[in-house]
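# Examination of the molecular architecture
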Amino acid sequence: MSDTGSQPEQLYAAREPVFPRKVRGRFRNLKWGIMIVTLGIYYLTPWIRWDRGPNLPDQAVLVDMANRRFFFFWIEIWPHEFYFVAGLLIMAGLGLFLFTSALGRVWCGYTCPQTVWTDLFILVERWIEGDRNARLRLHRQKKMDAKKLRLRVTKYVAWTLIAVATGGAWVFYFTDAPTLLRELFTGTAHPASYTSVAVLTFTTLVFGGFMREQVCIYMCPWPRIQAAMMDPDTLTIGYREWRGEPRGKHRKAASAGELGDCIDCMACVNVCPMGVDIRDGQQLGCITCGLCIDACDDIMDKVGKERGLIGYLALSDEVRERDGAKPRSAWTHVFRVRTMLYTFLWSAVGIGLVVALFVRPDISATVHPVRQPIFVTLSDGTIRNTYDFGLRNKHGEDRRFRVTLTTDDPSLRIAIEGTPYESFMVPADTTGKQRVYVLAPKGTEPAMADRTDVRFWIEDLSNGERVYKDSTFVGTGAN
Ligand code: SF4
Ligand code: SF4
């Protein structure tokens, strides 16, 4: 409750719809470029083909949920290699720290999916309904006449198609894209596919088309976290009020010399997709997209003033600038101890992941001794220990693996359950389970010892690659 009055404080302000005006300039071009690249990657990646053998879709990027594997071109991540995913997430986090401490909310302004799709929805809206003034007129027009109905229906249909394409593209990452597309259109796809497409269509439409800047302001925690990563040396978008104020329409002013450079044209506010007036200072709503810079630079060109009334600036340069000095070079803000430390950590994790990728063995095996019971005495007095092997065949064809034993005592021998041979087959793209016995004849040293160290060698017979696993053979302990 308010301290002074009886009116309860409003925690949520009613939304003022934002109708950003079209703008041209270097930041707008950068945003177009990033939008084309990011959307292109998202929509087209599932359609890149890659030979994965007879048991898997020939898809370059594939999340194989059934076998809990992830394929990325020539890289294959199995469940036991989840540390790669953890490493990539750590790199993504460090990358965000790095860019935020150097350039503020560049992630929000240029590459966040919410920003990219909202930008796309606004672009479509502008194509259909016109630029800011036309959209404002349409919004204020209470009567739903034929023209407004036609424009609204066209816009919602276009938005829905984008949303369906977005939801559809997501499910293509999980199975063979051409097959799933056919199944989706013929009504034969799995219900989970239709549900996923429907949920993602709905969220894309609501977040990108209707909620837009409200997602950033009210739902996303990132703007709150980012403040902790920024410092006075961080370059972020700001208004040089010492240059712009007092603002005013120059032509109307009694003496233009009394005014600052800002002609109060509102161009910076009208192009802002967040509805922010950057002249009021740094605000939570500003995603640092740079569009107000483009708008203001254009105005400065027209009125014959120096560009940069709105621009990237650092708090630590403010005093210098107020005194009329030039700000320090942008590079001195970007290359600082903090950003270098983030870069070092990011590179260290990246190099570690690349090394781990190249040195990881092709054969992945686990050996678990069965200790319930610890050993079994056979009818002829032989002591038998049991081991459960888990062997991953990461290849697209069935593979045969041979298991042999090395130990100091030659009396120990190996037997594989269900086969008289020393090898067994693991089907393609699966983890094979196999029970293996180690036997010590009656009266031998291992049979009577407490424990004997053993080493299992597992060899892929198709290419001769070998790995070993150490374990222990437990005897009666009679010695
Ligand atoms: S104030 Fe400028 S930089 Fe911030 S969101 Fe608006 S247009 Fe983008
Ligand atoms: S665009 Fe520039 S000149 Fe126009 S109102 Fe904004 S800051 Fe002032």
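Now for a description of the structure that goes with this document.

The rules we used
- Residues numbered from 1 in each chain as written.
- Chains lettered and ligands numbered in written order.
- Predicted model: local features only at pLDDT ≥ 70, side-chain atom pairs only at ≥ 80, totals over all residues.
- Heavy atoms only, no water.
- Helix = DSSP H or I, 4+ residues; strand = E, 2+ residues; numbered from the N terminus.
- Buried < 20%, exposed > 50% of the residue type's maximum accessible area, 1.4 Å probe, protein only.
- Phe/Tyr/Trp six-rings, centres within 6.5 Å; stacked < 30°, edge-to-face > 60°.
- Lys NZ or Arg CZ within 6 Å of the ring centre and 35° of its normal.
- Near = heavy atom within 4 Å.
- Nonpolar A, V, L, I, M, F, W, Y, C, P; charged D, E, K, R; others polar.
- Pairing = 2+ DSSP bridges.
- Patch = residues over 30% accessible without salt bridge, like charges linked within 9 Å, V, L, I, M, F, W, Y side chains within 5 Å.
- Areas by Shrake-Rupley, 256 points an atom, 1.4 Å probe, with all protein chains shown as cover.
- Salt bridge = Lys/Arg side-chain N within 4 Å of Asp/Glu carboxyl O.
- Core = buried A, V, L, I, M, F, W, Y, C linked by side-chain atoms within 4.5 Å.
- Contact = heavy atoms within 4.5 Å.
- Axes fitted to C-alpha atoms, helices over the stretch in contact; angles between N-to-C directions.
- Expected span 1.5 Å × (residues − 1).
- Arc of directions from axis to C-beta.
- Polar contact = N/O pair within 3.5 Å; in protein donor to acceptor, adjacent residues only side chain to side chain.

### Looking at the environment of Glu-397
With respect to the secondary-structure elements, Glu-397 resides in the loop between strand 8 (383-393) and strand 9 (399-406). With a relative accessible area of 38%, Glu-397 lands in the partly exposed category. Once the C-alpha coordinates of Glu-397 and Ala-449 are considered, the two residues, 52 residues apart in sequence, prove to be 42 Å apart.

### Some details on the packing of aromatic side chains
Counted under the stated rule, the structure contains 22 aromatic pairs. Summarising the aromatic geometry, the rings of Phe-72 and Phe-73 are spaced 5.1 Å apart at their centres and angled 80 degrees between planes, so their arrangement reads as edge-to-face. A relative accessible area of 38% places Phe-72 in the partly exposed class. With a centroid separation of 5.7 Å and an interplanar angle of 25 degrees, the aromatic rings of Trp-331 and Phe-335 are classed as stacked. On the basis of relative accessible area, Trp-331 is assigned to the exposed category, the value being 59%. Over the face of the ring belonging to Trp-78 we find Arg-69, whose NZ or CZ atom lies 4.6 Å from the ring centre. Positioned above the aromatic ring of Tyr-437, the side-chain terminus of Arg-384 is 4.1 Å from the ring centre.

### Some points on the site of ligand 1
Neighbouring residues of ligand 1: Ile-237, Cys-272, Met-274, Val-276, Ile-278, Cys-286, Ile-287, Thr-288, Cys-289, Gly-290 and Cys-292. When the residues that make up the shell around ligand 1 are grouped by side-chain class, the tally is 9 nonpolar, 2 polar and no charged.

### Some thoughts on the pairing of strand 4 (residues 236-239)
Side chains of strand 4 alternate between two faces, with Thr-236 and Gly-238 and Ile-237 and Tyr-239 buried alike. Here strand 4 runs beside strand 5 (residues 310-313); their pairing, made up of 4 bridges, is antiparallel. If you follow Ile-237 over to strand 5, its bridge partner there is Tyr-312.

### With respect to unusual backbone geometry
Most peptide bonds take the trans form, and the phi angle of most residues other than glycine is negative. Cis geometry is adopted by the peptide bond preceding Pro-246, which originates at Glu-245 and carries an omega value of -10 degrees. The peptide bond linking Gln-372 to Pro-373 adopts the cis configuration, its omega dihedral lying at 10 degrees. Here Pro-373 lies in the loop between strand 6 (364-370) and strand 7 (376-377). Positive phi values are uncommon outside glycine, yet Asp-264 reaches one of about 55 degrees. Residue placement: Asp-264 occurs in the loop between helix 11 (241-244) and helix 12 (267-270). The backbone of Met-266 sits at a positive phi, close to 70 degrees, despite the residue not being glycine. Assignment of secondary structure puts Met-266 in the loop between helix 11 and helix 12. With a relative accessible area of 32%, Met-266 lands in the partly exposed category.

### Re a nonpolar patch on the surface
A cluster of nonpolar side chains, Met-144, Leu-149, Val-153, Val-157 and Leu-161, forms an exposed patch at the surface whose accessible area comes to about 470 Å². Here Val-153 lies in helix 6 (residues 146-172). Residue Val-153 is classed as partly exposed on the basis of its relative accessible area of 46%.

### Quick word on the site of ligand 2
Ligand 2 sits among 13 residues. The nearest are Cys-262, Cys-265, Met-266, Cys-268 and Cys-296. Elements that contribute at least two residues to the shell around ligand 2 include exactly helix 12 and helix 13 (291-303). The residue makeup of the shell around ligand 2, split by class, is 11 nonpolar, no polar and 2 charged.

### What about the nonpolar core?
Counting 33 residues, the largest nonpolar core has Ile-237, Tyr-239, Met-274, Ile-278, Cys-292, Leu-309 and Ile-310 as the members making the most contacts within it. Residue assignment for this core shows that the elements contributing at least two residues are helix 1 (26-44), helix 3 (106-111), strand 4, helix 12 and helix 13. Broken down by element, the residue count for this core peaks at 7 residues, all from helix 13. Ignoring any residue separated from it by four or fewer positions in sequence, one finds Ile-237 in contact with Ile-278, Gln-282, Thr-288, Cys-289, Gly-290, Cys-292, Ile-293, Ile-310, Gly-311 and Tyr-312. If you look at the next biggest cluster of nonpolar residues, it comprises 24 residues, including Val-403, Ile-414, Ala-447 and Phe-473.

### With respect to the sheet that holds strand 9
If you trace the 4 strands from one edge of the open sheet to the other, you get 11-9-13-14, paired in antiparallel fashion. Edge positions in the sheet fall to strand 11 (423-426) and strand 14 (466-474), since each has one partner strand and no second. Each neighbouring strand pair of the sheet contributes to a mean axis angle of 30 degrees, computed without reference to strand direction. Bridging between strand 9 and strand 11 involves 4 bridges; their strand directions are antiparallel. Residue pairing in the sheet places Arg-400 in a bridge with Met-425 of strand 11.

### Looking at helix 4 (residues 113-129)
In this model helix 4 runs 24 Å from its N-terminal to its C-terminal C-alpha over 17 residues, within 8% of the 24 Å that 1.5 Å per residue would give. Of all 17 residues in helix 4, 14 are buried; the element is thus mostly enclosed.

### Some remarks on helix 5 (residues 132-140)
Regarding helix 5, the residues found buried are Arg-132, Arg-135, Leu-136 and Leu-138. Viewed end-on, helix 5 has its buried residues packed into an arc of 165 degrees, placing them on one side of the element. Every exposed residue of helix 5 that faces more than 90 degrees away from the buried side is listed here: Asn-133, Arg-137 and Arg-140. Lining the buried residues of helix 5 we find helix 4, helix 6 and helix 12.

### Comments concerning the side chain of Arg-52
If you trace the backbone, Arg-52 turns up in the loop between helix 1 and strand 1 (61-64). Reaching out from Arg-52, the side chain makes a polar contact with the backbone oxygen of Phe-73 at a distance of 2.7 Å.

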